[in-house]
Amino acid sequence: MEEGIKGRAESIVTPDKTAISMKSGNLPVYATPAVVALMEQASYESVAPYLEDGEATVGVSMEVKHIAATHENRKVWAESTLTAVDGRRLLFEVIAYDEDKCIAKGSHERVVINIEKFMGK
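Residues numbered from 1 in each chain as written. Predicted model: local features only at pLDDT ≥ 70, side-chain atom pairs only at ≥ 80, totals over all residues. Heavy atoms only, no water.

Student: Before we move on, can you summarise the side chain of T18 with the specific residues and values?
Tutor: Turning to its location among the elements, T18 is positioned in the loop between β1 (6-12) and α1 (32-47). For T18, a relative accessible area of 3% translates into the label buried. Of note is the side chain of T18, whose polar atom sits 2.9 Å from the backbone oxygen of P15. Leave out the neighbours within four places in its chain, and T18 touches L27, P28, V29, A31 and E72. (Helix = DSSP H or I, 4+ residues; strand = E, 2+ residues; numbered from the N terminus. Buried < 20%, exposed > 50% of the residue type's maximum accessible area, 1.4 Å probe, protein only. Polar contact = N/O pair within 3.5 Å; in protein donor to acceptor, adjacent residues only side chain to side chain. Contact = heavy atoms within 4.5 Å.)

Shown next, in the form of structure tokens:
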């Protein structure tokens, strides 16, 4: 696996992805936990084709600044770029957008794991 792998995940802001529904605020706007999940999706899906059979990645850290609100029924997407590979440790730059602007940006760390060993713990 090499630096530079890019990923993308898309969604629509539905009522179940708002701050009210996710208990992260009291406004009907795209929730920060939903932004984080979309960023994780873009990241893990981007490297999945490069894993060996029996391997997966798990998220271990996320640092995000959610900088703009997005209302319901809007399209959102997250883009990830693999910026560093250190053994089993993978570092990503992540950015999320809606139809008009950047809504969040940050960094994300994942670790490659052996599924059987991990699930056996």
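Student: I'd love a proper account of the sheet that holds strand β3 (residues 75-86), names of residues and values included.
Tutor: Strand order in the open sheet made by the 5 strands is β1-β3-β4-β5-β2, with antiparallel pairing throughout. Only two strands of the sheet have a single neighbouring strand rather than two, namely β1 and β2 (55-66). Across the sheet, the axes of successive neighbouring strands diverge by a mean angle of 25 degrees, strand direction being ignored. (Pairing = 2+ DSSP bridges. Axes fitted to C-alpha atoms, helices over the stretch in contact; angles between N-to-C directions.)

Student: Can you tell me about the pattern of salt bridges, naming the residues and giving the values?
Tutor: Taken as a whole, this structure holds 10 salt bridges when the rule is applied. Across the salt bridge formed by R110 and E40, the nearest N and O atoms sit 3.0 Å from each other. One end of the pair, R110, is in strand β5 (residues 102-114); the other, E40, is in helix α1, and 70 residues separate them in sequence. A salt bridge links E55 to R88; its shortest N-O distance comes to 3.7 Å. Here E55 is found in strand β2, whereas its partner R88 is found in the loop between β3 and β4 (89-98), with 33 residues between them in sequence. Overlapping salt bridges, with partners in common, bring together R8, E10, K75 and E79 in one network. (Salt bridge = Lys/Arg side-chain N within 4 Å of Asp/Glu carboxyl O.)

Student: For the environment of V76, give the residues involved together with the corresponding values.
Tutor: As for its placement among the helices and strands, V76 is situated in strand β3. By relative accessible area, V76 is classed as buried at 1%. As a C-alpha pair, V76 and I12 span 64 residues in sequence and 5.9 Å in three-dimensional space. With residues up to four places along the chain from it excluded, the contact list for V76 reads A9, E10, S11, V13, Y30, L38, T70, Y97, D98 and I103.

Student: Break down the side chain of S46 for me, with residues and values.
Tutor: The topology assignment puts S46 in helix α1. In this structure the side chain of S46 is engaged in a polar contact, spanning 2.7 Å, whose partner is the backbone oxygen of S43.

Student: So what's going on with the pairing of β3? Which residues, and what values?
Tutor: It is a general feature of regular strands that their side chains alternate between the two faces of the sheet. Both β1 and β3 contribute to a ladder of 7 bridges, which runs antiparallel. Across the sheet, the residue bridging to A9 is A78, located in β3. Direction of pairing for β3 relative to β4: antiparallel, over a ladder of 10 bridges. Considered in β4, the bridge of L82 is made with F92. Hairpin geometry of β3 and β4 is characterised by an intervening segment of 2 residues between the two adjacent antiparallel strands and by a positive phi of about 65 degrees at G87.

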